[in-house]
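These are the residues of each chain, in order.
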Amino acid sequence: MSPDSMARGSVRSAAEVNEQIRALWLRAGGYLSAQDRTEYELLVVEWAEAIRDEIIEAA
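None of these values were measured; they are calculated from a predicted model.

The subject of this paragraph is the overall build of the protein. What the protein contains, in helices and strands, is three helices and zero strands. From first element to last, N terminus to C terminus, the protein shows the α and β order α-α-α. The buried share of the protein, taken over its 59 residues, is 24%. Sequence-distant contacts, at least 24 apart, represent 58% of the contacts inside the protein between residues at least 6 apart. For the protein, the accessible area works out to roughly 4,300 Å², and carbon and sulfur atoms hold 57% of it.

As structure tokens, then:
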């Protein structure tokens, strides 16, 4: 996931991103390496954007 794709907003639903976050934690066994933490942080930002977009659409 590149910073450019993040700037354009999420194209995945919050549920899809949440599932990827859960999979990352399971794969990491509850302990995030530096690389995992970077991926996690990007996913959380994408998830927050997706939630915001879904709220805006619902309004």
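Mean pLDDT over the protein works out to 87, with 83% of the residues at or above the 70 mark. Counting contacts from residues 1-7, a segment whose pLDDT is below 50, to residues more than four positions away or on other chains yields nine contacts.

This part is about the nonpolar core. One finds Val 17, Ile 21, Leu 24, Ala 28, Leu 32 and Leu 43 forming the largest nonpolar core, which totals six residues. Considering each element in turn, this core owes the most residues, four residues, to helix α2 (residues 14-28). In this structure Ile 21 touches Tyr 40, Leu 43, Val 44 and Trp 47, once residues within four positions along its chain are discounted.

It is worth spelling out the pattern of salt bridges at this point. Using the criterion set out here, one finds three salt bridges in the structure. Of the charged contacts, one joins Arg 12 and Glu 46 as a salt bridge, the two residues approaching to 2.7 Å between their closest N and O atoms. Taken together, the residues Arg 12 in the loop between α1 (3-7) and α2 and Glu 46 in helix α3 (residues 34-58) connect sequence positions 34 residues apart. On the basis of relative accessibility, which here comes to 27%, the residue Arg 12 falls in the partly exposed class. Arg 27 serves as the salt-bridge partner of Glu 39, at 3.5 Å between the closest nitrogen and oxygen. With a gap of 12 residues between them, Glu 39 in helix α3 and Arg 27 in helix α2 connect regions that are remote in the sequence. Given a relative accessible area of 56%, Arg 27 falls into the exposed group.

About the cut-offs
- Residues numbered from 1 in each chain as written.
- Predicted model: local features only at pLDDT ≥ 70, side-chain atom pairs only at ≥ 80, totals over all residues.
- Heavy atoms only, no water.
- Helix = DSSP H or I, 4+ residues; strand = E, 2+ residues; numbered from the N terminus.
- Buried < 20%, exposed > 50% of the residue type's maximum accessible area, 1.4 Å probe, protein only.
- Contact = heavy atoms within 4.5 Å.
- Areas by Shrake-Rupley, 256 points an atom, 1.4 Å probe, with all protein chains shown as cover.
- pLDDT = per-residue confidence, 0-100.
- Core = buried A, V, L, I, M, F, W, Y, C linked by side-chain atoms within 4.5 Å.
- Salt bridge = Lys/Arg side-chain N within 4 Å of Asp/Glu carboxyl O.

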